[in-house]
Amino acid sequence: MKRCVEASAPGKIIWFGEHFVVLGRPAIVSAVGLYARARLCLSDKLRVVSRELGAVVSENYVDEAMKPFAKIIDLVGSMGFETRVEGVIESEIPIGAGMGSSAASSAAFAAALLALNDAFSESLVWRLGYEAEKIVHGQPSGVDTTASVRGGFIYYRKNEEPRSLGARLPENTVVLAVDTGVPRSTGVAVKRVLERYGRWESVMEKIYDAAETIVEEAVRALAGEDAGALGELMSIMHGLLVSLGVAVPETEAVVHNSLRLGALGAKITGAGMGGLVLVLADTRSSPRIIEGLSSESMSVRRIIPLSIDYKGIRIKHI
Ligand code: MEV
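Undergrad: In this structure, what is going on with the overall build of the protein chain? I would like to understand it.
TA: Helix and strand counts for the protein chain stand at 9 helices and 13 strands. Its C-alpha atoms give the protein chain a radius of gyration of 20 Å, within 12% of the compact-globule value 20 Å for 318 residues. Oriented by its inertia axes, the alpha-carbon framework of the protein chain measures out at about 60 × 45 × 35 Å. Looking at the protein chain alone, contacts between residues at least 24 apart form 74% of all its contacts between residues at least 6 apart. Accessible surface computed for the protein chain: about 13,600 Å², of which carbon and sulfur atoms make up 52%.

See below:
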C-alpha cells in the first residue's frame, strides 16, 4: 500500500502592530481556522500540483509559482531524504489578502514531505517554510510561518524569538475579516508609511510609542479575556493606522459601519490601502453587523467569519 500523509497549516491575521513592526515595534498575530493542505504519497517520481495556482513541480519542470515548493524539495533532498512524491497542495486561505496563504502552503508541504520521511519536527518545518517564504516575499519577517506552525496568539518583534501568548479569544465573541475587495500592495503601503515617517519623524515617534503601548495593553486584555478592552484597543490602533496614511474610503466605511452596528472594535488588518478590516463583536450583535455590512456592496466584497486556530500544523496518515 502507498504511504500517504496529509498536513494542514493555518493562515494568520494581524491583531495589532502592522506597519509599526517594520521599524522594530511589537505586533500581535494569531493563527486562524482557515487551512492550506498538502496531500502527498511516496512514489517512484516527483509530481506535485497546486490547485489554486494551477501549477506543477516535477523532476524536470517547475512552474514559476511552484519555486517555493521546489526550494523545499531541494533542501529536503540535500538532507538525504526521499523527495519522489506525488500529490496536491490546496488552500482555503484567500490568496493575496495578507492572511499568510503562501506561508501556510509552504509549511503544510514541508511538514508532509518530512512526515513521509519520519523526520517531522516543528523547528525543521519552520526553517524550510521560512526559506520558501523568502522566494515569495524577499525579506519576510517570519511571523506568518511562525503563526502557521505554532498556532494561537503570538507576540512578535523583529529579530526576537516570537512568544506564544497562550491566550484564548474572549468567550462569546465573534471575529470577522471583512474584505473590502480593494486590491492592495504591501510593498506600496510600507513605502508610503516609511516616507511619511521620514518626513515627520518627531511626530511619528510618538505615534509609534503609542502603538507599542497599545500592544502591551492588548497582551493584558487578552490574558484577562477582556473583550471590551480588546475591541477598544483595536479601534485605537486603527486610528494610528489612519495617521500613517493607509486608510482608504472603503476601509473607513467598514470600520465606521461596524462600530455603528455595535462592534466592540474594528481596524485595518495587514498593509491597508484596501484589503481586510478585522472586526470583533459579541455573539449577540454579530448577526446585525453581518447583515448591515452585507448590504454595503460599495465597500464590502465578502465577510469571512474567523475562528482562532490554537494547534498550528497537524499531520494525518491517510
Ligand atoms: C503586512 O501584512 C504587514 C506589514 O506590517 C508589513 C510587514 O510586516 O512586512 C504592513
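Structure shown, so let's carry the discussion forward.
Undergrad: It is not clear to me how the packing of aromatic side chains should be interpreted in this structure. Could you clarify?
TA: Any aromatic ring pair is given by two values, namely how distant the centres are and how the planes are angled relative to each other. Inspection of the entire model under this criterion finds 5 aromatic pairs. Seen from their ring centres, Trp 126 and Tyr 130 are 5.0 Å apart, and the 10 degrees between their planes marks the pair as stacked. Linking Trp 126 with Tyr 130, this pair stays in helix α3 (residues 122-137), spanning 4 residues, or about one helical turn. One aromatic cluster in this structure is built from Phe 20, Tyr 197 and Tyr 208. Just above the ring of Tyr 155 sits the side chain of Arg 163; from NZ or CZ to the centre is 4.4 Å. Sitting over the ring of Tyr 310, Arg 168 keeps its end group 3.6 Å from the ring centre.

Undergrad: Looking at this structure, I do not really get the packing of helix α1 (residues 67-78) against α3. What am I missing?
TA: Packed helix pairs are characterised by how far apart their axes lie and by the angle those axes make with each other. Viewed as axis vectors pointing N to C, α1 and α3 meet at an angle of 145 degrees, and their least axial separation amounts to 8 Å. Where α1 crosses over α3, the handedness of that crossing is right-handed. Where α1 abuts α3, its residues Lys 67, Pro 68, Lys 71, Ile 72, Leu 75 and Val 76 lie against Leu 128, Glu 131, Ala 132, Ile 135 and Val 136. Here the residues of the contact of α1 with α3 are counted per class, giving 8 nonpolar, no polar and 3 charged.

Undergrad: What am I meant to see in the site of the ligand here?
TA: If you check the shell around the ligand, you find Ile 14, Glu 18, His 19, Val 21, Val 22, Thr 186, Val 190, Gly 270 and Ala 271 and nothing else. Within the backbone of His 19, a nitrogen or oxygen atom sits 2.9 Å from an oxygen atom of the ligand. Protein coverage of the free-state accessible area of the ligand, which is 300 Å², stands at 79%. A breakdown of the residues in the shell around the ligand according to their chemical character gives 5 nonpolar, 3 polar and 1 charged. Both of domain 1 (4-166) and domain 2 (173-306) provide at least three residues apiece to the shell around the ligand.

Undergrad: Mind showing me how you'd approach the environment of Asn 60 here?
TA: Along the chain, the position of Asn 60 falls in the loop between β4 (55-58) and β5 (61-62). Take Asn 60: its relative accessible area is 73%, and that puts it in the exposed class. Residues Asn 60 and Leu 46 lie 14 residues apart in sequence; the distance between their C-alpha atoms is 9.0 Å.

Undergrad: I keep staring at the nonpolar core and nothing clicks. Help me out?
TA: Note on soluble globular proteins: their nonpolar side chains tend to be buried together. Counting 83 residues, the largest nonpolar core has Trp 15, Phe 16, Phe 109 and Leu 306 as the members making the most contacts within it. With 11 residues, helix α2 (residues 101-116) is the single largest residue contributor to this core. Discounting chain neighbours no more than four positions away, the residues touching Trp 15 are Ile 28, Val 29, Ser 30, Phe 153, Leu 169, Val 175, Leu 230, Met 234, Lys 267, Leu 278, Leu 280 and Ile 308. Counting residues in each nonpolar core, the second largest holds 14 residues, with Val 178, Val 254, Ala 263 and Ile 289 among its members.

Undergrad: Please clarify how the sheet that holds strand β11 (residues 276-282) should be interpreted in this entry.
TA: Reading across from one edge, β10-β11-β9-β12 is the order of the 4 strands in this open sheet, with antiparallel pairing throughout. Only two strands of the sheet have a single partner each, and these edge strands are β10 (265-269) and β12 (302-306). Taking the axes of each pair of neighbouring strands and ignoring which way they run, one obtains an average angle of 25 degrees across the sheet. Here strand β9 (residues 173-179) runs beside β12; their pairing, made up of 5 bridges, is antiparallel. By the bridge assignment for β12, Val 178 is matched with Ile 303. The sheet strands contacting helix α7 (residues 227-244) are β9, β10 and β11, and the helix crosses β10 at an angle near 45 degrees. Those strands touched by helix α9 (residues 286-294) are β9, β11 and β12, and its axis lies near 10 degrees from that of β9.

Undergrad: I would appreciate a short explanation of the state of the cysteines in the present structure.
TA: Here a disulfide denotes a covalent bond joining the sulfur atom of one cysteine to the sulfur atom of another. Scanning all chains against the criterion turns up 1 disulfide. Across a sulfur-sulfur distance of 2.1 Å, Cys 4 and Cys 41 are joined as a disulfide pair. One quick way to see it: the torsion about the S-S bond of Cys 4 and Cys 41 is about 105 degrees, and its sign makes the bridge right-handed. With Cys 4 in strand β1 (residues 4-16) and Cys 41 in strand β2 (residues 27-42), this residue pair connects regions lying 37 residues apart in the sequence.

Undergrad: Teacher, can you tell me more about α9 here?
TA: An α-helix turns once per 3.6 residues; consequently, residues spaced three or four apart project the same way. Within α9 the residues assigned to the buried category are Ser 286, Ile 289, Gly 292 and Leu 293. One side of α9 holds all its buried residues, which, seen down the axis, span an arc of 130 degrees. Contacts made by the buried residues of α9 are with β9, α8 (249-260), β11 and β12.

Undergrad: Mind showing me how you'd approach the packing of α2 against α3 here?
TA: At a minimum axis distance of 8 Å, the contact between α2 and α3 shows a crossing angle of 140 degrees. One way to sum up the angle between α2 and α3 is to call them oblique. Read as a crossing pair, α2 and α3 show a hand that is right-handed. Contacts from Ser 102, Ala 103, Ser 106, Ala 107, Ala 110, Ala 111 and Leu 114 of α2 reach α3 at Leu 124, Val 125, Leu 128, Gly 129, Ala 132, Glu 133, Val 136 and His 137. By residue class, the composition of the contact of α2 with α3 is 10 nonpolar, 4 polar and 1 charged.

Procedures and definitions
- Residues numbered from 1 in each chain as written.
- Predicted model: local features only at pLDDT ≥ 70, side-chain atom pairs only at ≥ 80, totals over all residues.
- Heavy atoms only, no water.
- Helix = DSSP H or I, 4+ residues; strand = E, 2+ residues; numbered from the N terminus.
- Rg over C-alpha atoms; globule rule 2.2 N^0.38 Å.
- Contact = heavy atoms within 4.5 Å.
- Areas by Shrake-Rupley, 256 points an atom, 1.4 Å probe, with all protein chains shown as cover.
- Phe/Tyr/Trp six-rings, centres within 6.5 Å; stacked < 30°, edge-to-face > 60°.
- Lys NZ or Arg CZ within 6 Å of the ring centre and 35° of its normal.
- Axes fitted to C-alpha atoms, helices over the stretch in contact; angles between N-to-C directions.
- Left-handed = near helix turned anticlockwise from the far one by under 90°.
- Nonpolar A, V, L, I, M, F, W, Y, C, P; charged D, E, K, R; others polar.
- Near = heavy atom within 4 Å.
- Polar contact = N/O pair within 3.5 Å; in protein donor to acceptor, adjacent residues only side chain to side chain.
- Domains from an automatic or database assignment.
- Buried < 20%, exposed > 50% of the residue type's maximum accessible area, 1.4 Å probe, protein only.
- Core = buried A, V, L, I, M, F, W, Y, C linked by side-chain atoms within 4.5 Å.
- Pairing = 2+ DSSP bridges.
- Disulfide = S-S within 2.5 Å.
- Arc of directions from axis to C-beta.
- Parallel < 35°, antiparallel > 145°, perpendicular 65-115°, else oblique.

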